[in-house]
Amino acid sequence: MQTEAESDVCARCAAVSGTCCTLEPGSEEYCFPVSASERAAMELAGAKARHFYRQANTSAFVDNLCRLFPDTPEAVHALFPVGGFHDRVAITPEGACALLGSQGCTLPRQARPLYCRIYPFWFKAGRQLYFEFHRCQAQLEAGGGAGLMRRLGMTNEGVRHTYQELCRAWNLPEST
Ligand code: SF4
Ligand code: SF4
């Protein structure tokens, strides 16, 4: 997933590691959901119906989202009732996002899902954190923290703004 500003580290990552745009086959249900407004922006930028998948809200998916939004489990359950469905990006049998190209995401940055744009950063209880990922080229090259953010061309302000936008896309309370 490429980030706030186009960063060549993500393109290098695509060449060597498969990036955060791939997952272990079999874990597709955990893929972050795509909201209606995000899908509309993606389609305006060229994404087709084949790039999306209608995913059932499994208990494991809902539990995982509750871990990401630990302050608002009621809102998460209301948005994603078990047995319902949500959109996510389509994933190839090898585990790659259908929108991933040889040099990273094929969508322009502003049209990518918000979760892709904020990754690997996140907020919990108002505190910024980042998800450690052993294949993240930026994490391998940077020492972490501010070095990681710089390497990805991101800023604290931009990360916070993207998180707030993501919460608004799902009508979830913001914990920043
Ligand atoms: S939409 Fe783009 S950035 Fe997001 S997972 Fe797919 S290829 Fe990666
Ligand atoms: S894993 Fe890290 S370096 Fe690789 S594409 Fe994702 S954010 Fe960029």
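Residues numbered from 1 in each chain as written. Chains lettered and ligands numbered in written order. Predicted model: local features only at pLDDT ≥ 70, side-chain atom pairs only at ≥ 80, totals over all residues. Heavy atoms only, no water.

Participant: Looking at this structure, how should I read helix α1 (residues 8-16)?
Facilitator: An α-helix turns once per 3.6 residues; consequently, residues spaced three or four apart project the same way. Listed as buried for α1 are Val9, Cys10, Cys13 and Ala14. Within α1, the buried residues cover an arc of 145 degrees as seen down the axis, which keeps them to one side. Away from its buried face, by an angle of more than 90 degrees, α1 presents the exposed residues Asp8, Ala15 and Val16. Elements that come into contact with the buried residues of α1 comprise β4 (104-105), α6 (137-141) and α7 (146-151). At the C-terminal side of α1, Gly18 shows a positive phi close to 90 degrees. (Buried < 20%, exposed > 50% of the residue type's maximum accessible area, 1.4 Å probe, protein only. Helix = DSSP H or I, 4+ residues; strand = E, 2+ residues; numbered from the N terminus. Arc of directions from axis to C-beta. Contact = heavy atoms within 4.5 Å.)

Participant: Please explain the pairing of strand β2 (residues 85-89) as it appears in this structure.
Facilitator: Each regular strand shows side chains that alternate between the opposite faces of the sheet. Taking burial as the measure, the 5 residues of β2 include 4 buried ones, the bulk of the element. Bridge count between strand β1 (residues 52-56) and β2: 5 bridges; the pairing is antiparallel. Residue Arg54 lies in a different strand from β2, and its bridge partner there is Asp87. (Pairing = 2+ DSSP bridges.)

Participant: Explanation requested: the packing of aromatic side chains in the structure shown.
Facilitator: Centre-to-centre distance and the angle between the planes together describe a pair of aromatic rings. Applying the stated rule across the entire model yields 12 aromatic pairs. The interplanar angle of 35 degrees and the centroid separation of 6.4 Å between the aromatic rings of Trp122 and Phe131 together place this pair among those described as tilted. For Trp122, a relative accessible area of 0% corresponds to the buried category. Each residue in the set Phe32, Phe69, Tyr115, Tyr119, Trp122, Phe123, Phe131 and Tyr163 is aromatic and connected to the rest through ring pairs, giving one cluster. The ring centre of Phe52 lies 4.1 Å from the NZ or CZ of Arg39, which sits over that ring. (Phe/Tyr/Trp six-rings, centres within 6.5 Å; stacked < 30°, edge-to-face > 60°. Lys NZ or Arg CZ within 6 Å of the ring centre and 35° of its normal.)

Participant: Any chance you could explain the environment of Phe80 here in plain terms?
Facilitator: Secondary-structure assignment places Phe80 in the loop between α4 (73-79) and β2. Through-space distance from the C-alpha of Phe80 to that of Leu65 is 9.3 Å; in sequence the pair is 15 residues apart. If near-sequence neighbours (up to four positions away) are discounted, Phe80 is found in contact with Pro33, Asn57, Phe61, Val62, Leu65, His86 and Trp170.

Participant: I keep staring at the nonpolar core and nothing clicks. Help me out?
Facilitator: A general trend in soluble globular proteins is that nonpolar side chains are found buried together. Counting residues in hydrophobic clusters, the biggest one holds 33 residues, and the most contacted among them are Phe32, Phe69 and Trp122. Non-local contacts of Phe32, meaning those with residues more than four positions away in its chain, are made with Leu65, Leu68, Phe69, Arg88, Tyr115, Trp122, Leu166 and Trp170. Core analysis: the next-biggest nonpolar cluster, separate from the first, contains 11 residues, Cys31, Val34, Met42 and Ala47 among them. (Core = buried A, V, L, I, M, F, W, Y, C linked by side-chain atoms within 4.5 Å.)

Participant: Looking at this model, I keep getting lost on the environment of Ile91. Mind explaining?
Facilitator: Position of Ile91 among the secondary structure elements: in the loop between β2 and β3 (100-101). Taking C-alpha positions, Ile91 is 26 Å from Met154, a pair spaced 63 residues apart along the chain. Contacts of Ile91, omitting those with residues within four sequence positions, involve Leu23, Glu28, Cys31, Ala96 and Ala98.

Participant: Mind showing me how you'd approach helix α3 (residues 59-68) here?
Facilitator: Within α3, the full set of buried residues consists of Phe61, Val62, Leu65, Cys66 and Leu68. All buried residues of α3 lie within an arc of 155 degrees about the axis, which places them on one face of the element. Looking at the buried residues of α3, the elements they touch are α4, β2 and β5 (121-124).

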